[in-house]
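# Breakdown of the fold
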Amino acid sequence: ATILDIHHQKMKSSILRKSKGKSKGKGSNKKKSRGKVNDNSNAKNKDFKIHITMNDINAQVLVKDILVLILSHRIATLVPNLKDFQALCDNNEAFLLTCVIYYATLAYAMPSAIYDKLQSLMKEIFLDSTCKSFCEKYPWLYIDEHHWPAFQKIASFWADTAKYDPPLSSTKGILNHLTPRDPFSDTTIDLSRFEAMGLPPSQMEQIRQMDASRNMRDKMAKDDMDNLLESYRDMSTWPDSFKQAASENCREGASDEELIEFGIDTVKHQFEIEGGHENKDNPSKSKTAMVLDKKFLFAIHTLLPPQQFANLPALKRDATLARDIYEEDDPEVKGRTSSSSLTKVLQKYREHIHSQWKVNPVQSDPDYRAYKRGVDERDDAFIIEEFCGMFFHPGIQKTLFVGNDNWTGVFHYWTFFQIVAIFYVNTGKAISNLVADGNLTMEVSYGSVLDLGKYIHTNASKRLNAGLPSSFSRMMLSNVPDYVGLLSTFTQLSPLLAKDSMVMPSTLRSNVLLNTGIFNSYDEYVSGTLAMTAEQSARLLRLRVLEEKPDVWNHWNRWGVDERPAQKNPIAFVEFKTWLHRLYMMCVLPPPRDITSSVAERRPNTVGLFLNTCKYCIDLGYPVHWITTILDQLLSSSYSNPLTTKALIANQSPSTAMVSKKPKRYNLSAFRLELENQLSLFMQNGLLPDTILSMTNVPVASEKMYHLKIKEMEYLARTGMKVQNLFNIGFLLQKETDDGYKKKEENPFLAMMIDAPTSQHGSKSLRYDLLRQGNRVGHLFSCAGYNAVTNVISFCMCEAIFEEYRDYFLSIVTTDSWHCVNHPAIRLGEASIIA
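Notes on the structure follow. All of these numbers come straight from a predicted model, not from anything done at the bench.

## What about the overall build of the protein?
Along the backbone of the protein there are 33 helices and 22 strands. Out of the 835 residues belonging to the protein, those deemed buried represent 52%. In the protein, 75% of the contacts between residues at least 6 apart in sequence involve partners at least 24 apart. A total accessible area of about 39000 Å² is found for the protein, and carbon and sulfur atoms account for 51% of it.

## Let's talk about the nonpolar core
Counting 102 residues, the largest nonpolar core has Phe134, Leu141, Phe151 and Phe416 as the members making the most contacts within it. No other element matches the eleven residues that helix α3 (residues 92-106) contributes to this core. Core analysis: the second largest hydrophobic core is formed by 79 residues, Leu452, Ile456, Leu530 and Leu780 among them.

## Overview of the packing of aromatic side chains
Ring pairs (aromatic) are described by centroid distance and by the angle formed between their planes. Counting across every chain of the model gives 33 aromatic pairs. Note on Phe519 and Tyr525: the rings are 5.3 Å apart at their centroids and 90 degrees apart in plane angle, and the pair reads as edge-to-face. Like Tyr525, Phe519 is buried. Aromatic side chains Tyr522 and Trp559 sit 6.4 Å apart centroid to centroid with 35 degrees between the ring planes, which places their arrangement in the tilted category. Taken together, the residues Tyr522 in helix α23 (residues 522-530) and Trp559 in strand β12 (residues 557-561) connect sequence positions 37 residues apart.

## Regarding the side chain of Lys117
Position of Lys117 among the secondary structure elements: in helix α4 (residues 112-127). For Lys117, a relative accessible area of 18% gives the class buried. For Lys117, the side chain forms a polar contact with the side chain of Glu93, separated by 2.9 Å.

## Here we look at the sheet that holds strand β20 (residues 809-814)
One open sheet accounts for four strands, arranged β17-β16-β20-β21; its pairing is antiparallel. The open sheet has two edge strands with one neighbour each: β17 (779-781) and β21 (819-820). Note: β20 against β21, two bridges, orientation antiparallel. Bridge pairing in β21 links Val813 to Cys820.

## Comments concerning unusual backbone geometry
Here the residue pair Ser653 and Pro654 is connected by a cis peptide bond, since its omega of -5 degrees sits within 30 degrees of zero. Here Pro654 shows up in the loop between β13 (643-647) and β14 (659-666). Although it is not a glycine, His301 sits at a positive phi angle of roughly 70 degrees. Tracing the sequence through the fold places His301 in the loop between α12 (291-300) and α13 (316-326). Unlike most non-glycine residues, Arg542 shows phi in positive territory, near 60 degrees. Tracing the chain through its elements places Arg542 in the loop between α24 (534-540) and β11 (543-545). By relative accessible area, Arg542 is classed as buried at 12%.

## Considerations on the pairing of strand β19 (residues 792-798)
Of all seven residues in β19, six are buried, a share of seventy percent or more. Across seven bridges, the pairing between strand β15 (residues 703-709) and β19 is antiparallel. The partner of Lys704 across the bridge, within β19, is Met797. Counting the residues in the hairpin turn of strand β18 (residues 785-787) and β19 gives four residues, including Asn791, whose phi is positive at 55 degrees.

## A look at the sheet that holds β19
What the four strands build is an open sheet, ordered β18-β19-β15-β22; its pairing is antiparallel. Sheet topology places β18 and β22 (832-833) at the edges, where each strand pairs with a single neighbour. The pairing of β15 with β22 spans two bridges and is classified as antiparallel. Looking across to β22, one finds that Tyr706 is bridged to Ile833. The sheet strands contacting helix α29 (residues 672-684) are β15 and β19, and the helix crosses β19 at an angle near 70 degrees.

## Describing the pattern of salt bridges
As enumerated under the stated definition, the model contains 13 salt bridges in all. A salt bridge links Glu124 to Lys137; the nearest nitrogen and oxygen atoms lie 3.2 Å apart. Here Glu124 is found in helix α4, whereas its partner Lys137 is found in helix α5 (residues 131-137), with 13 residues between them in sequence. A relative accessible area of 28% places Glu124 in the partly exposed class. Glu443 is the partner of Arg463 in a salt bridge, and the nearest nitrogen-oxygen pair spans 2.7 Å. Here the residue Arg463 occupies a position in helix α20 (residues 460-465), and Glu443 occupies one in strand β8 (residues 440-446), the gap between them amounting to 20 residues. We classify Arg463 as buried; its relative accessible area is 1%.

Conventions and cut-offs
Residues numbered from 1 in each chain as written. Predicted model: local features only at pLDDT ≥ 70, side-chain atom pairs only at ≥ 80, totals over all residues. Heavy atoms only, no water. Helix = DSSP H or I, 4+ residues; strand = E, 2+ residues; numbered from the N terminus. Buried < 20%, exposed > 50% of the residue type's maximum accessible area, 1.4 Å probe, protein only. Contact = heavy atoms within 4.5 Å. Areas by Shrake-Rupley, 256 points an atom, 1.4 Å probe, with all protein chains shown as cover. Core = buried A, V, L, I, M, F, W, Y, C linked by side-chain atoms within 4.5 Å. Phe/Tyr/Trp six-rings, centres within 6.5 Å; stacked < 30°, edge-to-face > 60°. Polar contact = N/O pair within 3.5 Å; in protein donor to acceptor, adjacent residues only side chain to side chain. Pairing = 2+ DSSP bridges. Axes fitted to C-alpha atoms, helices over the stretch in contact; angles between N-to-C directions. Salt bridge = Lys/Arg side-chain N within 4 Å of Asp/Glu carboxyl O.

Right, here's the structure in full:
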């Protein structure tokens, strides 16, 4: 997540000026094009302040970010008057730092000299520094001292790879495990990959049809281009400007046929540059762009070294081999190489890389490493297309290529290293110019973004003394809500939004990247955790989606605080009550889903989140007695006294929020014990007002954190399955065990393959019985943590409840597929106190 506080001290100073740098898009194999580095020195503005908070739950990502920011800034400091790419290469230290960024962030192996430089940088920046000395050296970077040990831990592994356990793979092993796509293949789908997944024949047929459809589309695109080119044989259709350009560029006295051939070649070349129909949004995907880089990546599975390696004695052997590759260029058209001769050169370089290069430790997180047959698992290498897709972004091209009408041409005349280098050089220049006048502060925050609000509130005075903000103008969360849910995002982060000003309205931005295609509308996505539509959110939660047409496919969907809908049309208690009833039932009774499918909606709602939402509503100004009335209704629900409400339970996923015309009756007694437990915990920790206690029957008792080791946990542990969503792991307390809710399939892998959201393979429907019979079946707890590696379940429980139910049997439950997991019988009382 990236969170910004943008502060304008004067209204007239609120405009950021565009830089006026230019880049040339022309060049040949003999004369290299020079990328222009923008000089933003004229855009300095002492009245403009920007604070950026970068947050991630993964320390490795943040350490890499810190490294890149410092090196980019250092490069700009080493060559302050840098004007083009060649000037960067002429400064050995700046060039070496650029190579570190190039390989550390984008490759899985690197030359030994660059590896040695990386290790020395990790020691200098992190291991030989305290948090205090680091912040003094880089005053524009702020790190809280309690995050520093986590960053030093990551750095220690990168500085000494012998610490990895199990050890890192060999260079040959890790590169051979990569599977880059052939950049020159016409195949759009790798069918063998789907076949290896063991997909059923019906799905394979669908994929084949999709592949045939895409190939047909590409064929049609080629036919369209051929028809277009043929139409240029009629010179009477040519615009005057095109005729003039052809005449000026052909030899004097050229015949009409020569002019026609020139015109056709010109249009065809433009098609290749733009990538035709398929690649118009990312010219780096064109088969004529960065040909040598793509061939090298496809053949050796790492990045082509820059020609300027020759400037560094330590890279002499790599420079020689790289020179041989570059010399394979066709003398007429850059990048078109002879296959046989290039193959021999690449083979020689591959042997050198496998024996002399080092594995890039920056790509291996010591806290999380996925293994397959003893080798680190790696994604497909689409490095060039992915980076250039970002580099191609309109905002970036305006910054780097202002004044150049043919700026897309750089993808066809530059190497990939040049593109990466110019990008980070400009990054360093931007940081340097902002830092020079004290305009920039970058805060690095490690941990869950949902804890950021609590952290800021707890450390308010400390942040004030450090000149750090407690509210923000922009929150850009990428697709974090895909995992934690919009409800958690809103309740925890919206209080950090700054009040709107005339200059800068405050917004929270997020997108949908996980299983996007399963949602028929944005409301379906929103309802998955909010239990309401986007329009209802403006009235109930005072948060309004700002897009005219919100959509799961939007690059961003922006949300902002808006009090007006609730002021114009005040919320009635019945509407508020119905929504909270629906939200509670969504938390305790999520719709069944196929947990074996990677394409499924995630609903990370728990009873704890429900109570936190109640607290949030009180903070919004809802009457406390509304909340207590609703909680009393939920706590008193039983077989003889069911909850009466117009809220409907969602029985499919995804689904929109639903309201019945007539009241429905629900027995929610199976979930009452957990609500009592969680409400008691909230009261003990002062998370709800004292008036809640006087209006409910929940006893306040001391709380404890317990953990319980589950032996021989079938299905989740023995198959090596990764638990998709730990919020879906809970447990059921029963006086007597009932194996009818367990899976009947003995083979856990086969059970995974045939698993269904209901009991289609022998077991009873736990979800249906809990709703129908309530606590006669048992007491369900959904607020639990589960460690898939150690098979330990942890939970917080009041001692009074623990002692009362200590003799009850505890069964692990997956609340997405709604069955009990096979494991030996165990009682609640066997849990140990850990806090």
